[in-house]
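Structural overview for review
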2 protein chains.
Amino acid sequence: MAAAKRIRNRDSAVKVVIVGSIGLDTIKTPHSNAANVLGGSISYACAAASFFARSGMVGVVGYDFPSNYVKMYRDFGLDLTGLKRVEGRTFRWTGEYDKDLISRKTLATELNVFADFAPVLPESYCDAPYVLLANIAPELQLRVLAQMKSPKFVVADTMNMWINQTRAQLLKLIAKVDMLTINDEEARLLAGKTSLKECAAVIAAMGPKYLVIKKGEHGALLFSRSGIFIVPAFPVDRLRDPTGAGDCFAGAFIGAMARGGKISDRNVRQSLLFGSVVASFGVQEFSLGGLSKLTMTAIRERYAALRKMIAV
Amino acid sequence: MAAAKRIRNRDSAVKVVIVGSIGLDTIKTPHSNAANVLGGSISYACAAASFFARSGMVGVVGYDFPSNYVKMYRDFGLDLTGLKRVEGRTFRWTGEYDKDLISRKTLATELNVFADFAPVLPESYCDAPYVLLANIAPELQLRVLAQMKSPKFVVADTMNMWINQTRAQLLKLIAKVDMLTINDEEARLLAGKTSLKECAAVIAAMGPKYLVIKKGEHGALLFSRSGIFIVPAFPVDRLRDPTGAGDCFAGAFIGAMARGGKISDRNVRQSLLFGSVVASFGVQEFSLGGLSKLTMTAIRERYAALRKMIAV
């Protein structure tokens, strides 16, 4: 079903453009490890978005990038016109999770081909209405945004490194996007406040109409002009690898927004729930394992289950 | 309004019986301190329950217990027949919060009159349909429960100390109650599992039909035969003192259950939301400060606001 749907979508115009990192991840958890698996913010976000709308990626890999990972992208029905392959090694990340599978430390990062990445959008991407600037240097996010003709809804994700090291550029970016997604720690770092409500007020003044503060396994909070929406996390039986959960969440969100087609409060809330649902599948396996087995039927079933869990 | 309502209730029969600790708390937070303020699980839980139903307390204090604190109890319209005053000093607790106002350490505990507490229920309490066995030694919770004639709904709260030190008695208690409330860390300690869903399955097998796993500022999860309910936390502008939040939550819950009068899924879910709302007022001030200014109108307004925050 899902595969058929993705293939059918292959000839349609790209509705969602996603820029970010593509990496080969080595992940250690207390229960098991994975070496050189497909990772990076785009991989998760594009795979998640693909269930909802035709999505294209803007990213770079080296000549060492395994062809079966490209095949994996194709199996998700992704448009790869914006995927560049250049001389050098692919970006690599090694991380280790604590026994709670929440806190983690980065053991190694190799930028490799990412060091000189200057994204140029294929012509066919520039008219896309929905854009996700996944976690990557704000300078690159700005460069992609500048090439979009008249996007309807732009989401940016970021992380502590950019808040600390390239704050001025990050603020320039934040002022231009419709929605910022950020985790709770990062929100406190960016806003300099303790309570998330106070953080939200400070960040709203920086420009974005929508702010999503992510809280990992506790869900997220949406702050917008029409108030707060408490985004529930779907309680999973067993968490295997939380890497990329935020990217799955953002990717499924922007995809669902595109499918819904309206910038309404209702579409935003429903799309956030879809983000939560797809992220919950993503963390059940390493890498894209949780998403490659996934079908739209399973997404719809879990979405309905999640709706029941918040119904009073 | 609220005060009038409480006074009107004074002559009615006690519907909710709450047993637990009464203490004089000394609390240090990064922003401010409070010395010898009214605390203990009963104080918070009874005050919270008082908004919804006539509530009576089973507890003990020493001769040093300030009379203005007794007056405070009376102002909440509480039935004090079960409050015993004995020779000796009142239970005391001193704690200090980290800068996140979440993690805390106990600096001192003086059991005092609590050491020999053997609760005997007033005759007028034994027919009450709703019972909250707030945090206290399982042996005392069992002793109170044995004196109740035919309670309709019994909730027990507990903590890590009892899980570690008096596990056998705690298990005996858990098998007899309708609902257990416990925080996420304690659930993992009790069940020996990591994922909360797995913990819930283990604890359900111990007997209670309802399990509430509390997650502090992230809300709570209800596990029952009819599935999971994700209990949202109301996002507060400024957290001042989280002490007693779980007791406010449980107290308002049992009070709202009594007011609703039915052991239905709907009443349980709505009552949990009321618990969340009252707890959110409680943490805005030290001791009972957040509750003593509170009115039913303010509770209803925040309840409606919280419902909107989870509506899709």
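This is a predicted model, so every value here is computed, not measured. (Residues numbered from 1 in each chain as written. Chains lettered and ligands numbered in written order. Predicted model: local features only at pLDDT ≥ 70, side-chain atom pairs only at ≥ 80, totals over all residues. Heavy atoms only, no water.)

**A closer look at the overall build of chain A**
From N to C terminus, chain A includes 12 helices and 13 strands. Expected size for 312 residues packed as a compact globule is a radius of gyration near 20 Å; at 18 Å, chain A falls within 12% of this value. Principal-axis analysis of the C-alpha atoms places the extent of chain A at approximately 50 × 40 × 40 Å. In chain A, once contacts between residues fewer than 6 apart in sequence are set aside, the share between residues at least 24 apart is 64%. Approximately 12400 Å² of chain A is accessible, and the part contributed by carbon and sulfur atoms is 51%. Where the 40 positive side-chain charges of chain A centre and where its 27 negative ones centre are 7 Å apart. (Helix = DSSP H or I, 4+ residues; strand = E, 2+ residues; numbered from the N terminus. Rg over C-alpha atoms; globule rule 2.2 N^0.38 Å. Contact = heavy atoms within 4.5 Å. Areas by Shrake-Rupley, 256 points an atom, 1.4 Å probe, with all protein chains shown as cover. Lys, Arg positive; Asp, Glu negative; His and termini not counted. Charge placed at Lys NZ, Arg CZ, Asp CG, Glu CD.)

**Observations concerning the sheet that holds strand 2 (residues 23-28) of chain B**
Adjacent strands of a sheet form backbone hydrogen bonds with each other and so pair up, either parallel or antiparallel. All names here are of chain B. What the 4 strands build is an open sheet, ordered 3-2-6-7; its pairing is mixed. The strands lining the two open edges of the sheet, one partner per strand, are strand 3 (33-39) and strand 7 (104-110). Pairwise comparison of adjacent strand axes, ignoring direction, gives a mean angle of 20 degrees for this sheet. Here strand 2 pairs with strand 6 (residues 92-97) via 5 bridges, running parallel. (Pairing = 2+ DSSP bridges. Axes fitted to C-alpha atoms, helices over the stretch in contact; angles between N-to-C directions.)

**Describing the relation of the copies chain A and chain B**
In screw terms, the move from chain A to chain B is a rotation of 180 degrees and a rise of 0.0 Å along the axis, fitting with an RMSD of 0.0 Å. The transformation relating the two chain copies, once decomposed into turn and shift, fits a two-fold axis. Residue by residue, 100% of the interface of chain A is reproduced at the interface of chain B, so both copies engage with the same surface. (Least-squares fit on C-alpha atoms with pLDDT ≥ 70 in both.)

**Considering the packing of helix 10 (residues 265-282) of chain A against helix 12 (residues 296-309) of chain A**
For any two helices packed against each other, one specifies the inter-axial angle together with the distance between the axes. All names here are of chain A. Taken N-terminus to C-terminus, the directions of helix 10 and helix 12 make an angle of 115 degrees; their axes are 9 Å apart at the nearest point. Here helix 10 is positioned roughly perpendicular relative to helix 12, judged by the angle of their axes. Crossing of helix 10 against helix 12: the hand is right-handed. Within the contact between the two elements, helix 10 uses Q270, L273, F274, S276, V277, V278, S280 and F281 and helix 12 uses M296, A298, I299, R302, Y303, L306 and R307. (Parallel < 35°, antiparallel > 145°, perpendicular 65-115°, else oblique. Left-handed = near helix turned anticlockwise from the far one by under 90°.)

**A closer look at the interface of chain A and chain B**
On the chain B side, the residues contacting the 27 residues of chain A number 27 residues. For the pair chain A and chain B, the two sides together bury roughly 2400 Å², of which 59% comes from carbon and sulfur. The largest contributions to the chain A side of the interface with chain B come from A:K197, A:I230 and A:V312, which together make up 28% of the buried area. A salt bridge links A:K197 to B:D237, with the shortest nitrogen-to-oxygen separation between them at 3.5 Å. Counting every contact that joins chain A to chain B gives 12 residue pairs in polar contact (both at pLDDT 80 or more). Of all elements in the fold, only helix 8 (196-204), strand 13 (227-231), helix 10 and helix 12 of chain A reach the threshold of two or more residues within the side of chain A that touches chain B. Take the side of chain A that touches chain B: its biggest share by element is 5 residues, from helix 12 of chain A. Across the side of chain A that touches chain B, the residue classes tally to 15 nonpolar, 3 polar and 9 charged. (Buried area = accessible area lost by both parts, 1.4 Å probe. Salt bridge = Lys/Arg side-chain N within 4 Å of Asp/Glu carboxyl O. Polar contact = N/O pair within 3.5 Å; in protein donor to acceptor, adjacent residues only side chain to side chain. Nonpolar A, V, L, I, M, F, W, Y, C, P; charged D, E, K, R; others polar.)

**Some points on the pairing of strand 3 of chain B**
All names here are of chain B. Relative to strand 3, strand 2 runs antiparallel, the two sharing 5 bridges. Paired with D25 across the bridge in strand 3 is V37. Once strand 2 ends, the chain turns through 4 residues before running back antiparallel as strand 3.

**Some details on unusual backbone geometry**
Residues and elements named next belong to chain A. Phi is positive for N36, close to 50 degrees, though the residue is something other than glycine. You can see N36 is positioned in strand 3 (residues 33-39). A relative accessible area of 36% places N36 in the partly exposed class. Backbone geometry places S287, a non-glycine residue, at a positive phi of 50 degrees. Residue position: S287 is located in the loop between helix 10 and helix 11 (289-292). By relative accessible area, S287 is classed as buried at 11%. (Buried < 20%, exposed > 50% of the residue type's maximum accessible area, 1.4 Å probe, protein only.)

**Focus: the environment of A:Y97**
Residue and element names in this part refer to chain A. For Y97, the location among the structural elements is in strand 6 (residues 92-97). Between the alpha carbons of Y97 and F117 there is a distance of 29 Å; along the sequence they are 20 residues apart. Apart from residues lying up to four places away in sequence, Y97 is in contact with I27, K28, T29, P30, I102, S103, R104, D241, P242 and T243. A distance of 2.7 Å separates a polar atom in the side chain of Y97 from a polar atom in the side chain of T243.

**Let's talk about a negative patch on the surface**
On the surface, a cluster of negative charge is made up of A:E96, A:D98, A:D100 and A:E217. For A:D100, a relative accessible area of 35% gives the class partly exposed. (Patch = residues over 30% accessible without salt bridge, like charges linked within 9 Å, V, L, I, M, F, W, Y side chains within 5 Å.)

**Notes on the packing of aromatic side chains**
Applying the stated criterion across every chain yields a total of 18 aromatic pairs over all chains. Plain terms: the ring middles of B:F51 and B:F76 are 6.3 Å apart, the flat faces sit at 75 degrees to each other, and that makes the pair edge-to-face. Taken together, the positions of B:F51 in the loop between helix 2 (41-49) and strand 4 (55-62) and B:F76 in the loop between helix 3 (67-75) and strand 5 (83-86) put the pair 25 residues apart, joining distant regions of the chain. Of the residues examined, B:F51 reaches a relative accessible area of 6% and is grouped as buried. Cluster of aromatic residues (ring-pair linked, three or more members): A:F52, A:F274 and A:Y303. (Phe/Tyr/Trp six-rings, centres within 6.5 Å; stacked < 30°, edge-to-face > 60°.)

These results come straight from atomic positions and should not be treated as a statement about function.
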